[in-house]
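Structural description and commentary
Okay, here's what each chain looks like letter by letter:
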2 protein chains.
Amino acid sequence: MPRFKITIEYDGTGLVGWQRQDNGPSVQAALEKAAAAITGQRYDVLIQGAGRTDAGVHALGQVAHFDLQQDFDPYRMPLAFNAHLPDAIRVTDAEQVDDDFHARFHATARAYRYRILNRRVASAIERGFVWHIHHPLDRDAMQAAADRLIGSHDFSTFRATHCQALSPVKTLDVLRIEDEPQGLAVIAEARSFLHHQIRNITGTLVQVGLGKWTADDVSDALAAKSRAAGGPTAPPDGLYLTSVSYDGVPEEKD
Amino acid sequence: MPRFKITIEYDGTGLVGWQRQDNGPSVQAALEKAAAAITGQRYDVLIQGAGRTDAGVHALGQVAHFDLQQDFDPYRMPLAFNAHLPDAIRVTDAEQVDDDFHARFHATARAYRYRILNRRVASAIERGFVWHIHHPLDRDAMQAAADRLIGSHDFSTFRATHCQALSPVKTLDVLRIEDEPQGLAVIAEARSFLHHQIRNITGTLVQVGLGKWTADDVSDALAAKSRAAGGPTAPPDGLYLTSVSYDGVPEEKD
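Residues numbered from 1 in each chain as written. Chains lettered and ligands numbered in written order. Predicted model: local features only at pLDDT ≥ 70, side-chain atom pairs only at ≥ 80, totals over all residues.

1. Quick notes on the overall build of chain A
Of the regular secondary structure elements, chain A holds five helices and 10 strands. Relative to a compact globule of 254 residues, whose C-alpha radius of gyration would be 18 Å, chain A shows 19 Å and is just as compact. A principal-axis box enclosing the C-alpha atoms of chain A has dimensions of 60 × 40 × 30 Å. Summarising the internal contacts of chain A: among those between residues at least 6 apart in sequence, 71% fall at separations of at least 24. (Helix = DSSP H or I, 4+ residues; strand = E, 2+ residues; numbered from the N terminus. Rg over C-alpha atoms; globule rule 2.2 N^0.38 Å. Contact = placed C-beta atoms within 7 Å.)

Printed below as a string of structure tokens:
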């Protein structure tokens, strides 16, 4: 039973998200169907992802693992999968890994990028791939507020009400505002995140960028430990899971 | 009769190109319909573009001009147009110009970018926005071959057979290969181009990048002054009209 690790890129626009669901196409179901096809439909394959992205959220470097009941050349694997996947989902890399490798529980860092187009007019080219904010954003004010959120905190204020994590305490290692040609991006890195954490943080930082909130308001919101104290949830369009890292330390379970 | 100059961005994927045609949606027809709407449908507006992009070709900075029979605040104009345009077409800028300004004949430079994704696997995110070449391209070899095409030449080898220009002689001011994160781009600048000139040049430079052609082969092809001597036509997907410049010198007519 060899175990494989694959890296996946997807356009989340028309998808219900990573996780298999009854109400529409998911990345997981598409990959499992493709995996069954490459085994010649001889058995089902369970594919386990590093993180469950929501509907409309994109990935450049999602990671998943699965077992096959046969040997398979990892070099051939991406093209074998892609022959059976919709164009919006591509396996970009594959390797054989140890039998105990776990894409979710062994991940030591997850990196996301939230892209904001900041100009008067929406994009004709990047529809569905950026959040369009037409009033000018103050990047330095956003970074100063972001600095208040770095580190270990109870992030209840930025947690979706239906989040299933056991604890609201997470450690945010990176929260950086980067310039982009016609806007900016919020870069977030942590071992793991709460549900909607990045979209809720981004929605709040945009309030700061617009001059409606101060960095102190963000600190107060964090201290309130209540979703009602946080800013709005940013739409899924601008969010990308950019990479998942593994360095051998098992992930905290959530 | 005030004259206006507008800058337009579009996703060419679902369009038949810039020019009004019977067989599908064009940028020109969409803009003219929107212009009639903002005049309250009181009269028709003829919109003249700087360049006719083909079906599937994108624009970040197409330019056009037109006359209105009424005053209009240029600051309000992009949003007024966009309220009546499909999402794939956005007016990004507008200004009032002299009555003799002509978007096509007064253009002194046009700049294009042709984007190539150069990795094993196609893109899930940028489908329709890059040309995917899965074998590795030799960027330096491509630049050396590109250098043979810079300057004034008879470009018959790189001209579509149905091109309507009076002369095949054009002056290519810039032909530069730039690195992109997972590939490269061909940057081309000239006062004006022949039909398919950039796509034919790019298709030929890719043959060089793949090691199938040498720079000398490209020189020989140029000297042959025959489309049959050139390389294949690159698909429209990777091509963007990035900007059109005006510095008061009237354009050569073609």
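2. Considering the interface of chain A and chain B
Each partner contributes to the interface: chain A provides 18 residues, whereas chain B provides 18 residues. At the level of elements, β1 (3–10), α2 (77–82) and β4 (89–97) of chain A are the ones that each hand at least two residues to the side of chain A that touches chain B. Here the side of chain A that touches chain B gets three residues from one element, more than from any other, and that element is β4 of chain A. Split by residue class, the side of chain A that touches chain B holds eight nonpolar, four polar and six charged. (Nonpolar A, V, L, I, M, F, W, Y, C, P; charged D, E, K, R; others polar.)

3. Observations regarding helix α5 (residues 215–224) of chain A
Residues and elements named next belong to chain A. Taken residue by residue, α5 has Val218, Ala221 and Leu222 as its buried positions. Taken down its axis, α5 places every buried residue within 100° of arc, on the same side. Residues of α5 that are buried make contact with α3 (139–147), β7 (151–154) and α4 (197–209). Where α5 ends, the next residue or the one after it, Lys225, has phi of about 50°, a positive value. (Buried ≥ 20, exposed ≤ 12 C-beta atoms within 10 Å, placed from the backbone. Arc of directions from axis to C-beta.)

4. Section: the relation of the copies chain A and chain B
Rotating chain A by 180° and moving it 0.0 Å along the rotation axis overlays it on chain B with an RMSD of 0.0 Å. With respect to symmetry, the two chain copies, as superposed, fit the operation of a two-fold axis. Proximity to the rotation axis, assessed at the C-alpha, singles out Glu126 of chain A in chain A; its C-alpha lies 4.7 Å from the axis. Taken as a fraction of all interface residues of chain A, those also at the interface in chain B reach 100%, which identifies the copy contact as same-surface. (Least-squares fit on C-alpha atoms with pLDDT ≥ 70 in both.)

5. A short note on the pairing of strand β10 (residues 239–245) of chain B
Residues and elements named next belong to chain B. When strand β3 (residues 58–67) meets β10, the two strands line up parallel, connected through two bridges. The residue of β10 that forms the bridge with His58 is Tyr240. As judged from the six bridges shared by strand β5 (residues 109–117) and β10, these two strands associate in the antiparallel manner. Residue pairing in the sheet places Ala109 in a bridge with Ser245 of β10. (Pairing = 2+ DSSP bridges.)

6. Remarks on the domain arrangement of chain A
All names here are of chain A. Each domain of chain A was delimited in the assignment, giving domain 1 (3–97) and domain 2 (109–245). Spacing between the C-alpha centres of domain 1 and domain 2 amounts to 27 Å. When its residues are assigned to classes, the side of domain 1 that touches domain 2 shows six nonpolar, eight polar and one charged. (Domains from an automatic or database assignment.)

7. Examining the packing of helix α3 (residues 139–147) of chain B against helix α4 (residues 197–209) of chain B
Residues and elements named next belong to chain B. Contact pair α3 / α4: the axes reach a minimum separation of 8 Å and the direction vectors enclose 135°. Considering their axes alone, α3 and α4 lie oblique with respect to each other. When you trace α3 past α4, the crossing you get is right-handed. Across from Ala141, Met142, Ala145 and Ala146 in α3, the residues of α4 making contact are Leu205, Val208 and Gly209. Per-class residue counts for the contact of α3 with α4 are six nonpolar, one polar and no charged. (Axes fitted to C-alpha atoms, helices over the stretch in contact; angles between N-to-C directions. Parallel < 35°, antiparallel > 145°, perpendicular 65-115°, else oblique. Left-handed = near helix turned anticlockwise from the far one by under 90°.)

8. Some remarks on the environment of Gln69 of chain B
All names here are of chain B. Relative to the assigned elements, Gln69 resides in the loop between β3 and α2 (77–82). When the C-alpha positions of Gln69 and Pro2 are compared, they lie 6.9 Å apart, and in sequence the two are 67 residues distant. Excluding residues within four positions of it along the chain, Gln69 makes contact with Met1 and Tyr43.

9. Focus: α4 of chain B
Residue and element names in this part refer to chain B. Across its 13 residues, α4 extends 18 Å between first and last C-alpha, which sits within 8% of the 18 Å expected from 1.5 Å per residue. Within α4, 11 of the 13 residues are buried, which leaves the element mostly enclosed by the surrounding structure. Inspection of α4 places Gln197, Ile198, Arg199, Asn200, Ile201, Thr202, Thr204, Leu205, Val206, Val208 and Gly209 among the buried residues, and these make up the whole buried set. Of the surrounding secondary structure, the elements contacted by the buried residues of α4 are β5, α3, β9 (183–190), α5 (215–224) and β10. With its phi angle positive at about 85°, Gly211 sits one or two positions after the end of α4. (Expected span 1.5 Å × (residues − 1).)

10. Quick notes on unusual backbone geometry
Residues and elements named next belong to chain A. Even without being glycine, His196 reaches a positive phi, approximately 65°. By secondary structure assignment, the location of His196 is in the loop between β9 (183–190) and α4. Here His196 falls in the buried class, since 22 other C-beta atoms lie within 10 Å of it.

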